[in-house]
Structures are given as C-alpha cells and as structure tokens.
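Summary of the model geometry
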Amino acid sequence: MNNDNLDLAYAIQKKFLLNKKISAYKVGASNSSSKKFFNTNNIIIGGIEERNIYKNEIKKNYDIAELELVLKIQYSFKDPNKFKVLKTYIGIECPLPEIQNEKGSEFICVADNCSSGDLILIEEIKGTNIKNFDLLILDKTNKFKISASLDNLVYSIDEIISKTLNIIENYGLPSYKEFFVSTGGISENFSLKPHQSLKIKF
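Report follows, based on the coordinates. (Residues numbered from 1 in each chain as written. Predicted model: local features only at pLDDT ≥ 70, side-chain atom pairs only at ≥ 80, totals over all residues. Heavy atoms only, no water.)

For the protein, the helix and strand inventory stands at four helices and 11 strands. Here the C-alpha radius of gyration of the protein, 16 Å, is about what a compact globule of 202 residues would show, namely 17 Å. A principal-axis box enclosing the C-alpha atoms of the protein has dimensions of 50 × 35 × 30 Å. Taken across its 202 residues, the protein has 51% of its residues classed as buried. Looking at the protein as shown, the accessible area adds up to about 10700 Å², and 47% of this sits on carbon and sulfur atoms. Of the charged side chains in the protein, 27 are positive and 25 negative; the average position of the first set lies 5 Å away from that of the second. (Helix = DSSP H or I, 4+ residues; strand = E, 2+ residues; numbered from the N terminus. Rg over C-alpha atoms; globule rule 2.2 N^0.38 Å. Buried < 20%, exposed > 50% of the residue type's maximum accessible area, 1.4 Å probe, protein only. Areas by Shrake-Rupley, 256 points an atom, 1.4 Å probe, with all protein chains shown as cover. Lys, Arg positive; Asp, Glu negative; His and termini not counted. Charge placed at Lys NZ, Arg CZ, Asp CG, Glu CD.)

Opposite charge on two side chains makes pairing possible when the charged atoms of those side chains draw close. Tallied over the entire structure, the rule returns eight salt bridges. Between E178 and K72 there is a salt bridge, and its shortest N-O distance comes to 4.0 Å. Linking E178 in strand β9 (residues 178-182) with K72 in strand β4 (residues 62-75), this pair joins segments that are 106 residues apart in sequence. By relative accessible area, K72 is classed as partly exposed at 26%. With a closest N to O distance of 3.2 Å, E124 and K126 form a salt bridge. E124 sits in the partly exposed class, given a relative accessible area of 30%. Residue classification places K126 among the exposed positions, given a relative accessible area of 68%. (Salt bridge = Lys/Arg side-chain N within 4 Å of Asp/Glu carboxyl O.)

Another point: the sheet that holds strand β7 (residues 132-138). Across the sheet, three strands lie side by side as β8-β7-β11; this open sheet has antiparallel pairing. Here the strands that pair on one side only, and so sit at the sheet edges, are β8 (143-149) and β11 (197-201). In this sheet, adjacent strand axes meet at a mean angle of 25° when their direction is disregarded. Note: β7 against β8, seven bridges, orientation antiparallel. Looking across to β8, one finds that N132 is bridged to S149. (Pairing = 2+ DSSP bridges. Axes fitted to C-alpha atoms, helices over the stretch in contact; angles between N-to-C directions.)

When you tally the buried positions in strand β6 (residues 118-124), you get five out of seven residues, the bulk of the element. Here strand β5 (residues 83-94) pairs with β6 via six bridges, running antiparallel. Each residue of the ladder has a partner; that of G91, found in β6, is L121.

In this section: unusual backbone geometry. A positive phi is found at N113, a non-glycine position, where the angle reads about 60°. Tracing the backbone shows N113 in the loop between α3 (106-111) and β6. In this structure N113 comes out as buried when scored by relative accessible area, which is 5%. The residue S115 is not glycine, and still its phi comes out positive at about 55°. Residue placement: S115 occurs in the loop between α3 and β6.

Okay, helix α1 (residues 3-17) next. Here α1 contains 15 residues, and its C-alpha end-to-end distance of 21 Å stays within 8% of the 21 Å for a straight helix at 1.5 Å per residue. Looking only at α1, the buried set comprises L6, A9, Y10, Q13 and L17. Projected down its long axis, α1 shows its buried positions confined to an angular sector of 90°, all on one face. Looking at α1, the residues exposed on the side facing more than 90 degrees away from the buried face are D4 and K15. Just downstream of α1, N19 is the residue with a positive phi angle, here 70°. (Expected span 1.5 Å × (residues − 1). Arc of directions from axis to C-beta.)

What follows is the structure, encoded as structure tokens:
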C-alpha cells in the first residue's frame, strides 16, 4: 500500500481513538501468516481501551482468540526508540472486526483499528528465555490445549515494540507514558466461553 493510503488509514484510526483511554496497542502482520494475508512489509497496530483489558477473566463469548505476549512498557515521548519493559504477560487477544476484510486489505485493517477488541492478561512471567508454552482451557467436562511459540513471530520483541512506537509517533496516535503492547499471534486461533478457566503450562 502506498504511503498516501497508509496516511489516510491511520488518520481514520486516529479520529476513532481520540477521546478514548487507550491503554494498549495490538500488533498485526507480525507473524508469517498474517503478514502473508495482508501482503505487507509493515506491521499494523490498533488501540485497545482500558475498559477492554481484563486479568485472567473471560467476560463473554469469543469466536476468535489467539495467544500473544503482552509487554507493559514505559517510553519517552521525546525519543520513542528509548523504552523499558516493565512487565511481561502471557495474554489472549480477542479481535472484534467492525468491517469484513476477507481479501486482506491493509487499508481496511488499519482504518478498522486492526480489528481491536478485548485483551486478557493471563499470567505475568518473570523468565526471559521462555519461548514455548501451552494454554489449558478448562470447563466442567473438557480440557483443551493450545500450544504457543514465539518462533511464530517474524520480528524480535524489541523490534515489534520499536515499530509500534514509531507508528504511534509518526501518525500522532494517542498514548500514555506507560501502556501495553500485544505482539501479535503466537498460536492458532481458538474460541472462548465465559464459564471456562485458563491455565498456563510451561
């Protein structure tokens, strides 16, 4: 997509995000499958409101969900390339597209706020060398296992954060000194229901 179209798409997103308390940005086109789907060399970001961030709690039915690494970062408005990771979580990003985008239009994805929906923070992790883990989804009669790997990402965590900050800076998107960055999918898609519980297994 040419730069003029990308500028317009983020201008649409910025107008949508204004006057909202944006406490996280989700990242798209950061793994090989989504990058191929959107046919882009860029990452795509979208803002998530504070009210849509939950801690290990499933509030509603989610037809689509995926595991992601979620970083709480602190950065300088004067120099977006200087940031500090304050906390690291295993999380679930649950997209909520407003516009159908079966053909993988990068413009539609950006203008639609990267289909941002809810973000569930499952568990804070302390180790820096964790690359693979499983999510156990439990209910009264069943147990489902979803496997995740950071190897699904085509960028390093630092690259994803830096690219996110540069987009925020370049397009004047709303942000705070501290907020969450959700890396993009590191698992297959799955569904969730409110009666289920979540457990991480390393």
